[in-house]
Amino acid sequence: GWEYQDRGQVSLERYEQHRTRRNTRELIMSYNVRKYLLVKTAGYTKTELNDAVAEVNRIKRERSITDLFLPASGFDEAIENIVKSMRKLLV
């Protein structure tokens, strides 16, 4: 975790000139550490975490289905346009 320290205001330009970048390895957090922080520090329950994981998995599954049928969507739209045009001609 981290602790907040009030150091006053700093302009964005000054901040960008003096900040140090962390590498990818420093940004990686293990599953167990992340879960511990969410439960113990942020106050989430294990049920809330499990529900969030289930929701993410549901969304991933729906996106996979969308990706699977996406190539056919152009064909589907073309058929719909043809049907609309035919209806206009018959009316």
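Residues numbered from 1 in each chain as written. Predicted model: local features only at pLDDT ≥ 70, side-chain atom pairs only at ≥ 80, totals over all residues. Heavy atoms only, no water.

A. Main features of the overall build of the protein. Looking only at helices and strands, one finds four helices and zero strands in the protein. Listing every helix and strand of the protein by position from the N terminus yields α-α-α-α. Along the longest, intermediate and shortest principal axes, the C-alpha atoms of the protein span 75 × 40 × 25 Å. Scored against the burial criterion, the 91 residues of the protein give a buried share of 1%. Of the side chains in the protein, 17 bear a positive and 13 a negative charge, and the two mean positions are spaced by 4 Å. (Helix = DSSP H or I, 4+ residues; strand = E, 2+ residues; numbered from the N terminus. Buried < 20%, exposed > 50% of the residue type's maximum accessible area, 1.4 Å probe, protein only. Lys, Arg positive; Asp, Glu negative; His and termini not counted. Charge placed at Lys NZ, Arg CZ, Asp CG, Glu CD.)

B. Region of interest: helix α4 (residues 46–90). Taking 1.5 Å of rise per residue, the 45 residues of α4 would be expected to cover 66 Å, and the 61 Å separating its terminal C-alpha atoms lies within 8% of that figure. Taking the largest bend as the criterion, α4 deviates by roughly 50°, centred on Leu 70, and proline Pro 71 comes between one and four positions later. (Expected span 1.5 Å × (residues − 1). Bend = angle between axes of the 7 residues up to and from the residue.)

C. Molecular detail of the pattern of salt bridges. What the rule picks out here adds up to three salt bridges. Residues Arg 58 and Glu 55 are paired through a salt bridge, measuring 2.6 Å at the closest nitrogen-oxygen approach. Taken together, the positions of Arg 58 and Glu 55, both in helix α4 and three residues apart, correspond to about one turn of that helix. Here Arg 58 falls in the partly exposed class, since its relative accessible area comes to 32%. Under the relative-accessibility criterion, Glu 55 is labelled partly exposed at 37%. Between Arg 58 and Glu 62 there is a salt bridge; the shortest N-O distance is 2.5 Å. Of the two residues, Arg 58 and Glu 62 are both situated in helix α4; the distance of four residues between them amounts to about one turn of the helix. Look at the salt bridges and you will find they share partners, linking Glu 55, Arg 58 and Glu 62 into a network. (Salt bridge = Lys/Arg side-chain N within 4 Å of Asp/Glu carboxyl O.)

D. Quick peek at a nonpolar patch on the surface. Taken together, the side chains of Phe 75, Ile 79, Ile 82, Val 83, Met 86, Leu 89 and Leu 90 present a nonpolar region at the surface, about 770 Å² in accessible area. Its relative accessible area of 75% is what places Leu 90 among the exposed residues. (Patch = residues over 30% accessible without salt bridge, like charges linked within 9 Å, V, L, I, M, F, W, Y side chains within 5 Å. Areas by Shrake-Rupley, 256 points an atom, 1.4 Å probe, with all protein chains shown as cover.)

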